[in-house]
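Summary of the model geometry
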Amino acid sequence: MLKDKKIIIGVSGSIAAYKIPYLIRLLVKEGAQVQVLLTPSARDFVTPLTLSTLSGNPVFTRSFNPEDGEWTSHVELGLWADLMLIAPVTANTLGKMANGIADNLLLTTYLSAKCPVFFAPAMDLDMYKHPVTVGNIRALQEFGNHLISPTEGELASGLCGAGRMEEPENIVALIKEHFAGEWDFAGKKIMVTAGPTHESIDPVRYIGNHSSGLMGFAIADEFAERGGEVTLVTGPSSCSLANESIRRVDVVTAAEMHDACMKHFGDADIIVMAAAVADYTPEHMETEKIKKSGDNLNIKVKATTDILSGMGKKKKPEQFFAGFALETENQLSNALKKLERKNLDMIVLNSPKDEGAAFGVETNKVTIITKDKEQFEYDLKLKLDVAVDIVDKIRDLTN
Ligand code: CTP
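Now for a quick tour of the structure. (Residues numbered from 1 in each chain as written. Predicted model: local features only at pLDDT ≥ 70, side-chain atom pairs only at ≥ 80, totals over all residues. Heavy atoms only, no water.)

It is worth spelling out the side chain of histidine 178 at this point. Mapped onto the secondary structure, histidine 178 falls in helix α8 (residues 168-181). Residue classification places histidine 178 among the buried positions, given a relative accessible area of 17%. Look past the residues within four positions of histidine 178 in its chain and what remains in contact with it is Leu83, Pro116 and Phe118. (Helix = DSSP H or I, 4+ residues; strand = E, 2+ residues; numbered from the N terminus. Buried < 20%, exposed > 50% of the residue type's maximum accessible area, 1.4 Å probe, protein only. Contact = heavy atoms within 4.5 Å.)

In structure tokens form, the structure reads like this:
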């Protein structure tokens, strides 16, 4: 379940650090990629050699390592991680986190991290009960961090009470529960299309469009990130997928995309047709390169099959269909007509007339219209973020 999840474990200087090698083993066994950061005092409790052997990655304490001249970027680490776990967290590190003190790599990475942060305190019971510690924990929770409460029991000092770091098995269970909560599409089969199609005129020329494929790729990745079993049918595109679980089917022409969609859509629960399929294709492809002759060249074209309409006719009641509408005029009414004509549950309207939207750019501005004619307008955003909005809306409409 944790396959390819990127987890940073930040270890601070507490005797409970002895539990971390076992925690790393459990996470690695679940398929997670683990990067360990140690505070300087954590090195007194657990060795970097043990932790790097178990995690399969070098262990970092400082941004700059004078031995090999290597620089470790806290910003890159913070962006890389899907989750940061600070365990054990001492009263000292807790206080620094709560107050924005950034005097080691663990703390600068914590401040840079965009992912969810979990922290598992370990300290003596009086330190844990002290109003400063209580206030710091509350502050960290108010910042949106997740507390893994210490358990009660015998402490290393010989005292008995709350302060023992939670056991590794339970921490792993909490992490799994967290990721499972993000899996809105676990068990769902999803087919997404992306990119343009290329319709050959002769061996060197084609009719195409400016679609990059980015929107469809981002949607496919977003579904897969949330546990969906995704098939992406894509026309020619230089985009790449982040999620390795996605089955990618490459096609070139509208006819090939039609065949691939017909093959895969039957057992899909959700179909998102983001591809910019050519509406016309040359009646026949010349086998030799067309030579230049005269001022004009007439190429006879014929209509391609409308893939979405074809699938719409065979749609099962439990299937959810989303299409795209690229419009330059009468945008809303044209999108609504397409929604009905193609038997869709939802259509995503975008227009190249909006600056920064539609083809060939990294951003898009969309309006989602549902079957019940509800409209949701979104701001101009990165396509990666538009994909989140689209997938969120599909989740809401399919639940
Ligand atoms: N579509 C399709 N097969 C086609 C053409 C379009 O499946 N041969 C799908 C697109 O992937 C999109 C939706 O239909 O999800 C609308 O595409 P669009 O190009 O906006 O509309 P068209 O139906 O082609 O109509 P027009 O070009 O006249 O606007």
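This paragraph deals with the layout of surface pockets. Of the pockets and cavities examined, the largest pocket occupies roughly 1,500 Å³. Lining the largest pocket are 38 residues; nearest its centre among them are Asp82, Asp221, Glu222, Glu225 and Ala242. Those elements that provide at least two residues to the lining of the largest pocket are α3 (74-80), α9 (214-225) and α13 (383-398). Looking at the lining of the largest pocket, its residues break down into 16 nonpolar, 7 polar and 15 charged. Two domains each put at least three residues into the lining of the largest pocket: domain 1 (6-181) and domain 2 (189-398). The computed volume of the second largest pocket comes to approximately 750 Å³. If you trace the second largest pocket, you find 36 residues lining it, with Ala275, Ala276, Val277, Phe324 and Leu326 closest to the centre. Going through the elements one at a time, α9, α11 (307-313), β18 (320-326), α12 (331-341) and β19 (346-350) are the ones with two or more residues in the lining of the second largest pocket. (1 Å grid on protein atoms, 1.4 Å probe; cavity = no way out; pocket = protein on both sides within 12 Å on 5 of 7 lines; lining within 4 Å. Points joined across faces, edges and corners; volume = space filled by probe spheres on them. Nonpolar A, V, L, I, M, F, W, Y, C, P; charged D, E, K, R; others polar. Domains from an automatic or database assignment.)

Before going further, it helps to examine the pairing of strand β15 (residues 270-273). Side chains of β15 alternate between two faces, with Ile270 and Val272 and Ile271 and Met273 buried alike. Summarising the sheet, strand β10 (residues 189-194) and β15 pair through 4 bridges and their orientation is parallel. In the sheet register, methionine 191 faces β15, and the bridge partner there is isoleucine 271. Across 4 bridges, the pairing between β15 and β18 is parallel. Pairing of valine 272 across the sheet is with alanine 322, part of β18. (Pairing = 2+ DSSP bridges.)

Turning our eyes to something else, we now look at the site of the ligand. Neighbouring residues of the ligand: 16 residues in total, closest Met273, Ala275, Leu308, Lys338 and Lys342. Residue alanine 275 places a main-chain N or O atom 2.7 Å away from an oxygen atom belonging to the ligand. Taking threonine 305, its main chain carries an N or O atom lying 3.1 Å from a nitrogen atom of the ligand. Put simply, the ligand lies in the second largest pocket. Contributions of two or more residues to the shell around the ligand are made by α11, β18 and α12. A per-element tally of the shell around the ligand places β18 first, with 4 residues. (Near = heavy atom within 4 Å. Polar contact = N/O pair within 3.5 Å; in protein donor to acceptor, adjacent residues only side chain to side chain. Sits in = over half its atoms within 2 Å of the grid points.)

Let us look at the sheet that holds strand β1 (residues 6-11). Spatially, β2-β1-β5-β6-β7 is the arrangement adopted by the 5 strands of the open sheet, whose pairing is parallel. The outermost strands of the open sheet, each flanked by one partner alone, are β2 (33-38) and β7 (146-147). As paired strands, strand β6 (residues 117-121) and β7 are joined by 2 bridges and run parallel to one another. Within the sheet, the bridge partner assigned to phenylalanine 119 lies in β7 and is leucine 147. Lying over the sheet, helix α5 (residues 105-112) contacts β1, β2, β5 (83-89) and β6, oriented at roughly 140° with respect to β5. (Axes fitted to C-alpha atoms, helices over the stretch in contact; angles between N-to-C directions.)

What follows is about α12. Taken together, the buried positions of α12 are Ala335, Lys338 and Leu339. All buried residues of α12 lie within an arc of 105° about the axis, which places them on one face of the element. Away from its buried face, by an angle of more than 90 degrees, α12 presents the exposed residues Lys337, Glu340 and Arg341. Where α12 is buried, its residues meet β18, β19 and β21 (366-370). Downstream of α12 by one or two residues, asparagine 343 has phi in the positive range, about 60°. (Arc of directions from axis to C-beta.)

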